[in-house]
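Okay, here's what each chain looks like letter by letter:
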Amino acid sequence: MAASGLLEPILVTGGTGMVGQNLREHPALSGARLLMPGRAELDLRDAAAVRAYMQLHRPATVIHAAGKVGGIQANMRDPAGFLIENLDLGRNVITAAVEAGASVVLNLASSCIYPRDRTTLLREEDLLTGPLEPTNEGYALAKIAVLKLAAYLDAASEATSLKSVIPCNLFGRHDNFKPASSHLLPAIIQKVHGAIQTGAESVEIWGDGTARREFLFATDFADAVVHCLQNFDAMPDLMNIGLGFDYSINEYYQTVADVLGYAGGFHHDLDRPVGMARKVVDVSRLDAMGWKPRHDLKQAVGLTYEFFLRSAV
Ligand SMILES: NC(=O)c1ccc[n+]([C@@H]2O[C@H](COP(=O)([O-])OP(=O)(O)OC[C@H]3O[C@@H](n4cnc5c(N)ncnc54)[C@H](OP(=O)(O)O)[C@@H]3O)[C@@H](O)[C@H]2O)c1
Ligand SMILES: C[C@@H]1O[C@H](OP(=O)(O)OP(=O)(O)OC[C@H]2O[C@@H](n3cnc4c(=O)[nH]c(N)nc43)[C@H](O)[C@@H]2O)[C@@H](O)[C@H](O)[C@@H]1O
């Protein structure tokens, strides 16, 4: 049975993705009436199809986790695609959810929506107070627009409560390990694993490795999402979900090397893109909700590697 406070049926867009699959695996959702249509069943770019699906299934809860998602390289290659698709998906899902009378809509943004060149912890109040990071501007603009749409509809709607969370970078089971579009941690795992397999003596790090990132384990993120849904009334309209601390790129490489047992070296490719110098969120609002992640970095890397090895066979 689903935990109390979760209104069913629960529609999770992006159910076949990393966040979606980690939500599916969450104990509180086992036995819940979950709707997780894949792209073949429901292409979220098709507004009429999304509206028809929502009218037919009438989800009480909608978690909007679908998106065109990728690391820095993928974003740089296709800013228009990241803008258009994430705008279309968000607009279609959120407007159709309200029209179909959903009670709760939880929209997933991203910490890349914050201004670049900030060295302090990024607070929800910092949104739209400075220029965006060029390497993912298209994606960030779409995420900001959809987050604002959710807020506008929340203010106008009696029946539907819409809130957004701003996740830091995520990694974990069901991650994207494809080098052309993966984020940092799956890329490191894939590269270090390859070096162990081939006996390579050095692994390439993009940039000088001094940039800093905050990566939350996707299993923990899914738990935070469930916690939000179980305490939705107490949740702020906009809330960061992260660790509140970060590591350097170099430290991430060394941690993965330690967990995987790689004893070789590293070399830096200074021609590769680096993006924001730092991107770490303030978690005061999340702390106030009484949620903490359960895994430390080494545990999370180990569990992600186990998944990688099983899915690679
Ligand atoms: N991963 C991160 O580091 C991170 C950080 C902050 C925020 N987020 C946000 O968290 C959410 C989930 O991210 P993720 O890491 O789980 O991404 P992901 O693994 O790439 O999953 C994205 C999901 O969206 C689906 N999707 C994309 N376009 C679609 C369409 N037109 N119709 C139907 N489904 C479509 C994908 O289906 P297909 O597999 O068929 O393409 C996939 O199931 C996204 O909103 C993302 O912006 C992610
Ligand atoms: C959460 C996501 O953050 C994303 O920004 P962002 O953290 O720079 O995206 P990542 O691709 O995770 O890159 C993180 C940092 O890791 C460095 N890096 C080092 N080696 C590698 C490598 O082999 N692969 C990758 N990918 N990076 C590497 C990269 O230079 C950058 O500074 C946004 O582009 C997305 O839209 C999304 O918002």
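Just so it is clear, the model here is predicted, and its values are computed rather than measured.

1. Focus on the nonpolar core
Item 1. Ranked by size, the top nonpolar core spans 51 residues in total, and within it L23, F221 and I241 carry the most contacts.
Item 2. Among the secondary structure elements, those contributing two or more residues to this core are β1 (10-13), α1 (18-24), β4 (104-108), α5 (137-156), β5 (161-167), α7 (218-230) and β10 (238-241).
Item 3. With 8 residues, the single largest contributor to this core is α7.
Item 4. Membership of the second largest hydrophobic core comes to 26 residues, among which are F171, F217, A300 and Y305.

2. Points about empty space enclosed by the protein
Item 1. Considering all chains together, one arrives at 1 cavity of 30 Å³ or more under this definition.
Item 2. Of all the secondary-structure elements, those providing two or more residues to the lining of the largest cavity are α4 (79-99) and α5.
Item 3. Its residues placed into classes, the lining of the largest cavity shows 2 nonpolar, 4 polar and 1 charged.

3. Examining the UniProt feature "domain: NAD-dependent epimerase/dehydratase" (unreviewed entry) in the protein chain
Item 1. In the numbering used here, UniProt assigns the "domain: NAD-dependent epimerase/dehydratase" (unreviewed entry) feature to residues 10-242.
Item 2. Counting secondary structure, residues 10-242 comes out at 40% helix and 17% strand; the distance between its end C-alpha atoms is 24 Å.

4. Focus on the UniProt feature "binding site: substrate" (unreviewed entry) in the protein chain
Item 1. Sites flagged by UniProt as "binding site: substrate" (unreviewed entry) map to K191, W206 and R213.
Item 2. Residue position: W206 is located in strand β7 (residues 202-206).
Item 3. Residues contacting W206, with those up to four places away along its chain left out, are I72, Q73, K191, Y253, D269, R272 and P273.
Item 4. A polar atom in the side chain of W206 sits 3.2 Å from the side chain of E204.
Item 5. Its location among the elements puts R213 in strand β8 (residues 212-213).
Item 6. Those residues in contact with R213 that sit more than four places away from it in its chain are N169, D246, Y247, I249, Y252, V274, G275, M276, A277, R278 and K279.

5. Things to note about the pattern of salt bridges
Item 1. Taken as a whole and assessed by the stated rule, the structure comprises 16 salt bridges.
Item 2. Its salt-bridge partner being E8, residue R33 comes within 3.8 Å of it at the nearest N-O pair. Taken together, the positions of R33 in the loop between α1 and β2 (34-35) and E8 in the segment before β1 put the pair 25 residues apart, joining distant regions of the chain.
Item 3. R33 gets classed as exposed once you look at its relative accessible area, which sits at 51%.
Item 4. Among the residues examined, E8 registers a relative accessible area of 23% and is labelled partly exposed.
Item 5. Residue R123 is joined to E125 by a salt bridge in which the shortest nitrogen-to-oxygen separation is 3.8 Å.
Item 6. For R123, a relative accessible area of 38% translates into the label partly exposed.
Item 7. Here E125 falls in the partly exposed class, since its relative accessible area comes to 45%.
Item 8. In this structure, a network of salt bridges that share partners links the residues R123, E124, E125, D126 and R285.

6. With respect to the packing of aromatic side chains
Item 1. All told, the structure shown has 10 aromatic pairs when counted by the stated rule.
Item 2. Ring centres 6.1 Å apart and planes at 15° place the aromatic pair Y305 and F308 in the stacked group. Of this pair, Y305 and F308 both sit in helix α10 (residues 297-312), 3 residues apart, which is roughly one turn of that helix. Taken as a pair, Y305 and F308 share a single burial class, namely buried.
Item 3. Through successive ring pairs, a cluster of aromatic residues spans F171, F215, F217, F245, Y247 and Y252.
Item 4. Between K68 and the ring centre of F82, over which it is positioned, the NZ or CZ distance is 5.0 Å.
Item 5. Of note, K163 hangs over the ring of F232, and the distance from its end group to the ring centre comes to 4.8 Å.

7. Notes on the layout of surface pockets
Item 1. The calculated volume of the second largest pocket comes to roughly 190 Å³.
Item 2. Taken together, E124, L127, L147, K148, A150, A151, D154, L162, K163, S164, D237 and L238 make up the full set of residues lining the second largest pocket.
Item 3. Only α5 and β5 provide two or more residues apiece to the lining of the second largest pocket.
Item 4. Looking at the lining of the second largest pocket residue by residue, the class counts come to 6 nonpolar, 1 polar and 5 charged.

What counts, and where the lines are drawn
Residues numbered from 1 in each chain as written. Chains lettered and ligands numbered in written order. Predicted model: local features only at pLDDT ≥ 70, side-chain atom pairs only at ≥ 80, totals over all residues. Heavy atoms only, no water. Core = buried A, V, L, I, M, F, W, Y, C linked by side-chain atoms within 4.5 Å. Buried < 20%, exposed > 50% of the residue type's maximum accessible area, 1.4 Å probe, protein only. Helix = DSSP H or I, 4+ residues; strand = E, 2+ residues; numbered from the N terminus. 1 Å grid on protein atoms, 1.4 Å probe; cavity = no way out; pocket = protein on both sides within 12 Å on 5 of 7 lines; lining within 4 Å. Points joined across faces, edges and corners; volume = space filled by probe spheres on them. Nonpolar A, V, L, I, M, F, W, Y, C, P; charged D, E, K, R; others polar. UniProt positions renumbered as here; feature names shortened; annotations may be inferred. Contact = heavy atoms within 4.5 Å. Polar contact = N/O pair within 3.5 Å; in protein donor to acceptor, adjacent residues only side chain to side chain. Salt bridge = Lys/Arg side-chain N within 4 Å of Asp/Glu carboxyl O. Phe/Tyr/Trp six-rings, centres within 6.5 Å; stacked < 30°, edge-to-face > 60°. Lys NZ or Arg CZ within 6 Å of the ring centre and 35° of its normal.

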